[in-house]
Amino acid sequence: MSEPKLHAVTSGESGPRVAFCHGLLGQGRNWNQIAKGLADVCRPTLIDMPDHGHSPWSERIDYVDAAAVLAGTLRAIDPDEPWTLVGHSMGGKTAMVLALTEPELVERLAVVDISPAPTSSFTEFETFLAGMRAVDLDRVSSRADADDAMRAAAPDPTVRGFLLQNLRRDGAGWRWLPNLVALQRDIAAIAGWPQERISALPPFDGPVLWLAGANSPYVSEDNEPEMRRLFPRVRQVTVKNAGHWVHSEQPAVTTAALRALITSERG
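Conventions and cut-offs
Numbering of residues starts from 1 in each chain and follows the order in which that chain's sequence is written. Confidence filtering applies because this is a predicted model: local features only for residues at pLDDT of at least 70, side-chain atom pairs given and counted only at 80 or more, and all residues used for totals across whole chains, interfaces and linings. To get the side-chain values, take all heavy atoms of the structure and skip hydrogens and water. Paired strands, in this sense, are two strands between which DSSP finds at least two bridges. Helix and strand assignments follow DSSP, with helices taken as H or I runs no shorter than four residues and strands as E runs no shorter than two, numbered in order from the N terminus. Note on definitions: angles span 0 to 180 degrees between N-to-C directions of axes, and those axes are lines fitted to C-alpha atoms, for helices only across the stretch in contact. Contacts were defined at the residue level, with two residues in contact if any of their heavy atoms lie within 4.5 Å. Here the expected length of a helix is defined as 1.5 Å per residue gap, with one fewer gap than residues. Burial here depends on accessible area, computed with a 1.4 Å probe over protein chains only, as a share of the maximum for the residue type. Under 20% is buried, over 50% is exposed, and the range in between is partly exposed. Whenever two N or O atoms come within 3.5 Å, that pair is a polar contact, provided that in protein one can donate a hydrogen and the other can accept it, and provided that, for residues adjacent in sequence, both atoms are side-chain atoms. UniProt positions are given in the numbering used here, feature names are shortened, and annotations may be inferred rather than shown by experiment. Whether two aromatic rings pair depends on their centres lying within 6.5 Å, for rings of Phe, Tyr and Trp, where Trp uses its six-membered ring; planes under 30 degrees apart make the pair stacked, over 60 edge-to-face, and the rest tilted. Buried Ala, Val, Leu, Ile, Met, Phe, Trp, Tyr and Cys residues form a nonpolar core when they are joined through side-chain atoms within 4.5 Å. A pair of sulfur atoms, both from cysteines and within 2.5 Å, is called a disulfide here.

What follows concerns the sheet that holds strand 9 (residues 234-239). Strand order in this open sheet of seven strands is 1-3-2-4-5-8-9, and the pairing throughout is mixed. One side of each edge strand has no neighbouring strand; the edge strands of this open sheet are strand 1 (8-10) and strand 9. Each strand axis lies, on average, 15° off the axis of its neighbour in the sheet, ignoring direction. Where strand 5 (residues 106-112) and strand 8 (residues 208-213) come together, four bridges link them in parallel fashion. Residue pairing across strands places V112 opposite L211, the latter belonging to strand 8. Lying over the sheet, helix 2 (residues 63-77) contacts strand 1, strand 2 (17-21), strand 3 (43-47) and strand 4 (83-88), oriented at roughly 140° with respect to strand 3.

And the structure:
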């Protein structure tokens, strides 16, 4: 069996395979609480997506390429079973592309607060990326210093804490885990959707759960026709009192919805 191409942590010994794909500037462990809540019905795998966490960096950011790397990782973990993919934001776009390009690998799909369309709401991440790159790591002596340095770019302490999870000790100093240079340079590709490269592919015919935050701008009614064309078996659920980070803001609702998807009758 080949080695996984992306950093992946799997738990559980039985049940269907479920891979969790995080969003921009996240890590696989962002899904840890949800995965633990589902471990009785599946074998969760938390993926660090390309250019994030402990996974390798890319020369450029591209959803079709990322989906291929993800596919290689899933096959290295288990070459025999199809997977359920759960993807948030950037990870959701990667998961959708993989379901369309290699449907034999994907049994069912959950897409969290993102659509198969260009996303203007990613502009907030441009601010986050610029703020992270602007931190003078040579002058950071503690995590509190980094928190102060990021305050202007990310005033919300919860968001700032999420971003600072990417900061790691490196000997006597600090380093960022994500490939910030490439992510900032290719933010248009991350916000985009590879329409031309997938336009000739048939729809994905497996069951699809589409979770959207009621307070989030990332999914709109305008996105529904294309989502239903590409994923005709989609079930849309709008989660009350949730913004873009649906799974962290409403973990119980997210877990229940994913449990229903994972345990629904197969075939």
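Before going further, it helps to spend a moment on helix 2. For an α-helix the count is 3.6 residues per turn, leaving residues at separations of three or four pointing the same way. Spanning 15 residues, helix 2 covers 21 Å between terminal C-alpha atoms, matching the ideal 21 Å at 1.5 Å per step. Taken across its 15 residues, helix 2 has 11 buried, putting it largely inside the fold. Y63, V64, A66, A67, L70, A71, G72, T73, L74, A76 and I77 are the residues of helix 2 that are buried. The distance from a side-chain oxygen at the start of helix 2 to the backbone nitrogen of V64 is 3.0 Å, and the residue carrying that oxygen is D62.

This part is about the UniProt feature "domain: AB hydrolase-1" (unreviewed entry) in the protein. Here, the residues flagged by UniProt with the feature "domain: AB hydrolase-1" (unreviewed entry) are residues 16-250. The distance separating the terminal C-alpha atoms of residues 16-250 is 24 Å; by composition the span is 37% helix and 18% strand.

What follows concerns the packing of aromatic side chains. This model, assessed by the stated rule, comprises seven aromatic pairs. Seen from their ring centres, F122 and F125 are 5.5 Å apart, and the 45° between their planes marks the pair as tilted. We note that F122, like F125, is buried. Geometrically, the ring pair formed by F122 and Y218 is edge-to-face, given 5.7 Å between the ring centres and 80° between the ring planes. Taken together, the residues F122 in the loop between strand 5 and helix 4 (123-134) and Y218 in the loop between strand 8 and helix 10 (224-230) connect sequence positions 96 residues apart. Like Y218, F122 is buried. Pairwise contacts between aromatic rings join F122, F125, F128, F162, Y218 and W245 into one cluster.

Counting residues in hydrophobic clusters, the biggest one holds 66 residues, and the most contacted among them are L25, L109 and F231. Beyond its immediate sequence surroundings of up to four residues, F231 is in contact with M96, A99, L100, L109, F204 and V208. Core analysis: the next-biggest nonpolar cluster, separate from the first, contains 22 residues, F20, L38, A257 and L258 among them.

Turning our attention to the state of the cysteines. For the coordinates displayed, the defined rule picks out zero disulfides. Here C21 is not disulfide-linked; the sulfur of C42 is the nearest cysteine sulfur, at 13 Å. Classification of C21 by relative accessible area gives buried; the value is 0%. Classification of C42 as buried rests on a relative accessible area of 1%.

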